[in-house]
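Observations on the model geometry
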Amino acid sequence: MSRLLYEKSVSYKGNLIIPFLFTITVGELIYSYCLLSEDGDKSPFHKATNPSELYSNNFKDIIDIAKQHLDKNIEKFSNTDYFKERYTYQNNLIIIHQEGGKCFYDHYPPHELKNIAAPKIFLSAYDCLTWVKKGLNQNLNIN
């Protein structure tokens, strides 16, 4: 899988639609998508890669394909936007959550949907994001 294009991701009905370049055919870019679900492993679509099995040559269409698939296959969904506070930093996805006065995060690297977040709680989204960026910058300087 090529790099997940987190900066082009769209939050929809409790899921995050994440496009990626699937292949290049006869000079044309073909896109696919992955999903993250706010329900995590309870959802059949959490970390799913292209469950609709359809592809497109542009971002807008691949997002629309994913939305149509979710519309047909999700009966109930939350009205909260779990993915509202998401950031892309050094091609990593950072999702900030705030609950009960505490802040924590999910962290996904550029090439796979594997949450590598540390079990750490913060007092603010700013502190959380600053801590994650510092760690990513240190890793960049080491390599």
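The subject of this paragraph is the sheet that holds strand β3 (residues 28-37). With antiparallel pairing, three strands are arranged side by side in an open sheet as β1-β2-β3. Here the strands that pair on one side only, and so sit at the sheet edges, are β1 (10-12) and β3. Each neighbouring strand pair of the sheet contributes to a mean axis angle of 35°, computed without reference to strand direction. Pairing of β1 with strand β2 (residues 15-25), which is carried by three bridges, proceeds in the antiparallel orientation.

I17, Y33, L35, F45, I62 and L70 are the most contacted members of the largest nonpolar core, which has 14 residues in total. Ranked by residues supplied to this core, first place goes to helix α1 (residues 59-73) with five residues. When neighbours within four sequence positions are excluded, L35 is seen to be in contact with L16, I17, F45, H46, K47, A48, P51, L70 and L113. Counting residues in each nonpolar core, the second largest holds 12 residues, with L4, L16, Y108 and L113 among its members.

Let us now look at the packing of aromatic side chains. Note on aromatic pairs: each is described by the distance of the centres and the angle between the planes. Inspection of the entire model under this criterion finds six aromatic pairs. Note on F122 and W131: the rings are 5.5 Å apart at their centroids and 55° apart in plane angle, and the pair reads as tilted. Connected via pairs of aromatic rings, a cluster forms that spans Y105, F122 and W131. The ring of F59 carries the charged tip of K8 above its face, separated from the ring centre by 5.0 Å.

Thresholds applied
- Residues numbered from 1 in each chain as written.
- Predicted model: local features only at pLDDT ≥ 70, side-chain atom pairs only at ≥ 80, totals over all residues.
- Heavy atoms only, no water.
- Pairing = 2+ DSSP bridges.
- Helix = DSSP H or I, 4+ residues; strand = E, 2+ residues; numbered from the N terminus.
- Axes fitted to C-alpha atoms, helices over the stretch in contact; angles between N-to-C directions.
- Core = buried A, V, L, I, M, F, W, Y, C linked by side-chain atoms within 4.5 Å.
- Buried < 20%, exposed > 50% of the residue type's maximum accessible area, 1.4 Å probe, protein only.
- Contact = heavy atoms within 4.5 Å.
- Phe/Tyr/Trp six-rings, centres within 6.5 Å; stacked < 30°, edge-to-face > 60°.
- Lys NZ or Arg CZ within 6 Å of the ring centre and 35° of its normal.

These figures come from the coordinates and say nothing about function on their own.
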